[in-house]
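The residues making up each chain are set out below.
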Amino acid sequence: MAEKILLTGGAGYIGSHTYVALVAAGYAVTILDNFQNANRSVIDRLEQLTGAPVSVAEADIRDATTLASLFAEHQFDAVVHFAALKAVSESVERPLDYFDVNISGLINLLRVMDAAGCRNIVFSSSATVYGVPDETPTPETAEFRAMNPYGQTKISGEQILNQLTAADDRWNVGILRYFNPAGAHDSALIGEDPRDIPNNLMPFIAKVAAGELAELQVFGDDYDTPDGTGVRDYIHVDDLAKGHVLSLAALLGDGQSHLVNLGTGEGHSVLEMVAAYRRASNRDVPYRITERRAGDVPVYVARADKAEEILGFKTERTLDEMCASSWKWIAGPHSSEDPGPEDKG
Ligand code: NAD
Ligand code: UFG
């Protein structure tokens, strides 16, 4: 019988792509999402993509009663935990909300899992735990440096999980530190579609290429990088989704906990991203160099060998494919639909 997986935050950007990958790998998946940052129509599109009904619970990860009844009903074998708040600047303004959802929400989930005897979890962490790293490409051994409350919640989440496995070896934990997810599913049925002005580079460039925003502001060209602009390790969201399938297989197979970076090991500057997006969209992307953005890190690039060694994870998709799939999604019929009452941020 197919193993049963609870996917928290499964209607979101990375969660929806991971849903498709998990179903393709033969898992029976239930999505839990409160839709505070997702569009309900994502569920219809996942049904279209997989050709099967989606099991979905509209609930908050902080709601222990609903969580417990879901576990009783489905007897999950493992959880892939995406549900979190993720906007860095918002976390500086409203730290308590971030601690509540990202830390209290995690603890609540772990308590319910423990009571139900389900002790396998894949956790979404982030390169942000490295702060400004001493070394690039950055290995998993680099020290924790919180730059803002959001980063602190990811560090705390990892520490909670590590202390839990140390206290009780029945727990199996996969901690995945994502670098910069980009792109969309090739079907153009799911993708990243912030309703407000995007904070992140790729969705911002996409809206400039589409003519929805006038120009990109390039935040600084005086970093110690080849062209002076910030460098990141962009990873196709479908490659990232596959990383979750491998992590889950490792937990459910030999029960080995692991901590790995998920990136390509290659960095691209802001200006390289602009050039790649112009090629993919065949549109102009006007930009202007401005001041550095407060709190920005000059370079984030993953040491990517540990994920390959432990999980057999290797990225397959190129930067041009990230841009082409993003453009297909942005220019297609499904993006920018009215997300309804919730603010799809
Ligand atoms: P997203 O906002 O698209 O997805 C998160 C989902 O969780 C949304 O569907 C949202 O509605 C849901 N959610 C939020 N709070 C909830 C709650 N209290 N109860 C139930 N559901 C809730 O974000 P994403 O980009 O898909 O990120 C997924 C995970 O990956 C997050 O944990 C994020 O911190 C982490 N991450 C993201 C990035 C990135 O750049 N996108 C990088 C590193 C790590
Ligand atoms: N940038 C611009 N103009 C913009 C937006 C971004 O020049 O309008 C630049 C930034 O200065 C940076 C690069 O593009 O050099 C990437 O910026 P993003 O905001 O897309 O990504 P960050 O690496 O700054 O942050 C993202 C997430 C964090 C996460 C981090 C590492 O927002 O939560 O990736 O995973 F921690």
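What counts as what
- Residues numbered from 1 in each chain as written.
- Chains lettered and ligands numbered in written order.
- Predicted model: local features only at pLDDT ≥ 70, side-chain atom pairs only at ≥ 80, totals over all residues.
- Heavy atoms only, no water.
- Helix = DSSP H or I, 4+ residues; strand = E, 2+ residues; numbered from the N terminus.
- Buried < 20%, exposed > 50% of the residue type's maximum accessible area, 1.4 Å probe, protein only.
- Contact = heavy atoms within 4.5 Å.
- Core = buried A, V, L, I, M, F, W, Y, C linked by side-chain atoms within 4.5 Å.
- Pairing = 2+ DSSP bridges.
- Axes fitted to C-alpha atoms, helices over the stretch in contact; angles between N-to-C directions.

(A) Structural context of the environment of P203. Turning to its location among the elements, P203 is positioned in helix α7 (residues 201–209). Judged by its relative accessible area of 7%, P203 falls in the buried class. Here the alpha-carbon distance between P203 and W329, two residues 126 residues apart in the chain, equals 11 Å. Setting aside chain neighbours within four positions, we find P203 in contact with E192, P194 and P198.

(B) Local environment of the nonpolar core. In terms of nonpolar packing, the biggest core is built from 38 residues, with I5, L7, L22, L46, V80, L248 and L262 touching the most fellow members. Sorting elements by how many residues they give to this core places helix α8 (residues 237–253) first, with seven residues. Residues within four places of L248 in sequence aside, it is in contact with I5, L22, Y27, A78, V80 and V122. Judged by nonpolar contacts, the second largest core, of 28 residues, contains L106, C118, I121 and W171.

(C) Quick look at the sheet that holds strand β2 (residues 28–33). Reading across the sheet, the seven strands line up as β3-β2-β1-β4-β5-β6-β11 and stay open at both edges, with parallel pairing between neighbours. In this open sheet, the two edge strands, each paired with only one partner strand, are β3 (55–58) and β11 (258–262). For this sheet the average axis-to-axis angle between neighbouring strands, irrespective of direction, equals 20°. Looking at chain direction, strand β1 (residues 4–8) and β2 are connected through five bridges and run parallel. In the sheet register, T8 faces β2, and the bridge partner there is L32.

The quantities given are spatial measurements derived from coordinates; they are silent on function.
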